[in-house]
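# Structural characterization, general
Chain by chain, the residues:
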Amino acid sequence: MSGRLLRLVCTAATAACTVLAPVPAAAVPEPGEQSVSRLLTDLQRLYREAERATETYNATEEKLKRQRAEVRRLDGELARVRLSLHDSRGAAGRLARQQYQSSTEISSYVRLLLARDPQRALDQGHVIGQLARERAETVGRLTGSERKAGGLARRARTALDKQLALAERQKKDRDEVQGRLRDVEEMLVSLRPEQLVQIAELEKKGISKAQKELVTSGALSSERKPSGAGERAVRYAMRQLGKPYEWGAEGPETYDCSGLTSQAWDHAGTPIPRTSQEQWAQLPRVALKQLRPGDLVIYHRDATHVAMYLGEGKVIEAPRTGEKIKVSPLAANPILGAVRPDEPLARPATPDTPRSSPDRRRSSQSPPGR
């Protein structure tokens, strides 16, 4: 993100907050110009496309991290098996030399027949049998080690190939994000300062209307106290206020939306998935009426944005490129639903412990905030 785009967005946001005269609700565009509402719609679409690309990049980055760890694990295991194989081959070599050296000796059966002390000969035969079993075990370990080493080598090569493929996909995802952000920049630089002010003001009015409708609908209940972990997550998030948004960032100086929420809960002692889409898919869902501070609010139908609930209809979020972490109205974006990171996942219902069905629990999500 260029410094020019950052300055433009900040200028627009500042102007919208400090404008002295109200902007006409229906400013007349110049010939050939789009209306302010259409410009706002286009800008929001571009921001969403950039955010969607960012979450895709984040998901690939997480897969790549796990794959790198798997490659390291397999490499370490393969090194240990190869060392064991080396030891087994050494033991097998010693057995081969012993067998060669004793190949001309009289058989243990003949020695038993000619022995003056048959009991002693039997004891020697027991020792010989024990040595034979040990030799068989050595050969078995050698064969097993060779088989295991071959299998591990194939798995390590496959894992490395997958890592290389993920690295290539990550590069494509990064290029996709940068391309989407260039689209945002090109649109912003094409607008006049007064258009930027009008767009910011129109967006602010839309958020205020959506928030009012949400509150008056009764979708929010009376305030609930956070859990211990939720309170720690909120405190961590609040300490990040004013830090810049940066796509793909997980702190400590910059964050994207899911980077902020995942790090906050990680510092609270409850690790959660990295991306907003995984947070929505994997964490227990709660109705908006049951929201308590620390819960995560997921936005847009494709779950590409997330914020943390603070109480009193407010959330803390890392909004988008060019902005800083801030406190926003709950309805700042179209709401998909909410999840609670420290809520135990529901277990399958049994006759002795009836529970509501997953479908009923999923239906508790709210309609879009606007």
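In the block above lies the structure referred to throughout.
Residues numbered from 1 in each chain as written. Predicted model: local features only at pLDDT ≥ 70, side-chain atom pairs only at ≥ 80, totals over all residues. Heavy atoms only, no water.

## Some remarks on the environment of Ala-53
Quick note on the threshold: A run of H or I in DSSP counts as a helix once it spans at least four residues, and a run of E counts as a strand once it spans at least two, with each numbered from the N terminus. Burial here depends on accessible area, computed with a 1.4 Å probe over protein chains only, as a share of the maximum for the residue type. Under 20% is buried, over 50% is exposed, and the range in between is partly exposed. Note on contacts: a residue pair is in contact if any heavy atoms of the two residues lie within 4.5 Å.
Along the polypeptide, Ala-53 turns up in helix α2 (residues 36-101). The class of Ala-53 is buried, set by a relative accessible area of 8%. Expressed as a C-alpha distance, the spacing of Ala-53 and Thr-304, which sit 251 residues apart in the sequence, is 9.0 Å. The contact partners of Ala-53, leaving out residues within four places of it in the chain, are Glu-176, Val-177 and Arg-180.

## A few points about a positive patch on the surface
Rules: Note that patches include only residues with greater than 30% relative accessible area and no salt bridge, and the join distances are 9 Å for like charges and 5 Å for nonpolar side chains (Val, Leu, Ile, Met, Phe, Trp, Tyr). To be clear on the numbers: accessible area is Shrake-Rupley with a 1.4 Å probe, and residue cover counts the displayed protein chains and nothing else. A pair is scored as a salt bridge if a Lys or Arg side-chain nitrogen falls within 4 Å of a carboxyl oxygen belonging to Asp or Glu. Positive residues here are Lys and Arg, negative ones are Asp and Glu, while His and the chain termini are left out of the count. Where a charge lies is defined by one atom per residue type: Lys uses NZ, Arg uses CZ, Asp uses CG and Glu uses CD.
Together, Lys-63, Arg-66, Lys-162 and Arg-169 make up a positively charged patch on the protein surface. Looking at the positive patch, the elements that each hand over two or more residues are α2 and α4 (118-189). Structurally, Arg-169 can be placed in helix α4.

## Remarks on helix α5 (residues 193-216)
What counts, and what does not: By this rule the span expected of a helix is its residue count minus one, scaled by 1.5 Å.
In this model α5 runs 35 Å from its N-terminal to its C-terminal C-alpha over 24 residues, within 8% of the 34 Å that 1.5 Å per residue would give. For α5, the set of buried residues is Gln-195, Leu-196, Val-197, Gln-198, Ile-199, Ala-200, Glu-201, Glu-203, Ile-207, Ala-210, Gln-211 and Leu-214. One or two positions beyond α5, positive phi appears at Gly-218, with a value near 80°.

## Structural notes on a nonpolar patch on the surface
On the surface, Met-238, Leu-241 and Val-327 cluster together to form a nonpolar patch covering roughly 220 Å² of accessible area. As for its placement among the helices and strands, Val-327 is situated in strand β5 (residues 326-329).

## Describing the packing of aromatic side chains
This is how it is decided: Stacked, tilted and edge-to-face are the three classes applied to pairs of Phe, Tyr and Trp rings, where Trp contributes its six-membered ring and a pair requires centres within 6.5 Å; stacked means planes under 30 degrees apart, edge-to-face means over 60, and tilted covers the rest. Either the NZ atom of lysine or the CZ atom of arginine qualifies as a charge over a ring when it sits within 6 Å of the ring centre and within 35 degrees of the ring normal.
Applying the stated rule across the entire model yields one aromatic pair. Geometrically, the ring pair formed by Tyr-57 and Trp-247 is edge-to-face, given 5.0 Å between the ring centres and 80° between the ring planes. One end of the pair, Tyr-57, is in helix α2; the other, Trp-247, is in the loop between α6 (228-238) and α7 (257-267), with 190 residues separating them in the sequence. Each member of the pair Tyr-57 and Trp-247 is classed as buried. A cation sits over an aromatic face here: Arg-285 above Trp-280, 3.7 Å from the ring centre.

## Some remarks on the side chain of Glu-317
The following threshold applies: Under the rule applied, a polar contact is a pair of N or O atoms within 3.5 Å (in protein, one hydrogen donor and one hydrogen acceptor; residues adjacent in sequence only if both atoms are side-chain atoms).
Turning to its location among the elements, Glu-317 is positioned in strand β4 (residues 314-317). The buried charged residue Glu-317 lacks any salt bridge, with Lys-326 as its nearest oppositely charged partner at 5.0 Å. Here Ser-328 takes part through its side chain, which lies 2.7 Å from a polar atom of the side chain of Glu-317. When sequence neighbours within four positions are dropped, the list of residues in contact with Glu-317 reads Leu-260, His-305, Ala-307, Lys-324, Ile-325, Lys-326, Ser-328, Ala-332 and Asn-333.

## Quick word on the pairing of strand β3 (residues 305-311)
The criterion, for reference: A pair of strands counts as paired when DSSP detects no fewer than two bridges linking them.
Counting buried positions along β3 gives six out of seven residues, so the element sits mostly inside the fold. Sheet topology note: the strand β2 (residues 296-299)/β3 ladder contains four bridges and is antiparallel. Following the sheet pairing, Val-297 is matched in β3 by Ala-307. Once β3 ends, the chain turns through two residues before running back antiparallel as β4, passing Glu-312 with a positive phi of about 55°.

## Quick look at α6
Applied cut-off: Working definition: the arc comes from the directions between the helix axis and the C-beta atoms, pointing outward to the latter.
Buried residues of α6: Ala-229, Gly-230, Ala-233, Val-234, Tyr-236 and Ala-237, and no others. Down the axis, α6 shows its buried residues gathered within 160° of arc, on one side only. Buried-residue contacts for α6 involve α7, β3 and β4.

## Thoughts on the pattern of salt bridges
Pairing between side chains of opposite charge can happen when the charged atoms of each approach one another. Scanning all chains against the criterion turns up 21 salt bridges. The partner of Arg-73 in a salt bridge is Glu-70, with the nearest N and O atoms 2.9 Å apart. Placement of the pair is Arg-73 and Glu-70 together in helix α2, with a separation of three residues, close to one helical turn. Judged by its relative accessible area of 39%, Arg-73 is partly exposed. Asp-295 is the partner of Arg-340 in a salt bridge, and the nearest nitrogen-oxygen pair spans 2.8 Å. In this pair, Arg-340 is assigned in the loop between β6 (335-339) and α9 (358-362) and Asp-295 in the loop between β1 (285-286) and β2, connecting sequence segments 45 residues apart. For the pair formed by Arg-340 and Asp-295, the shared burial category is buried.

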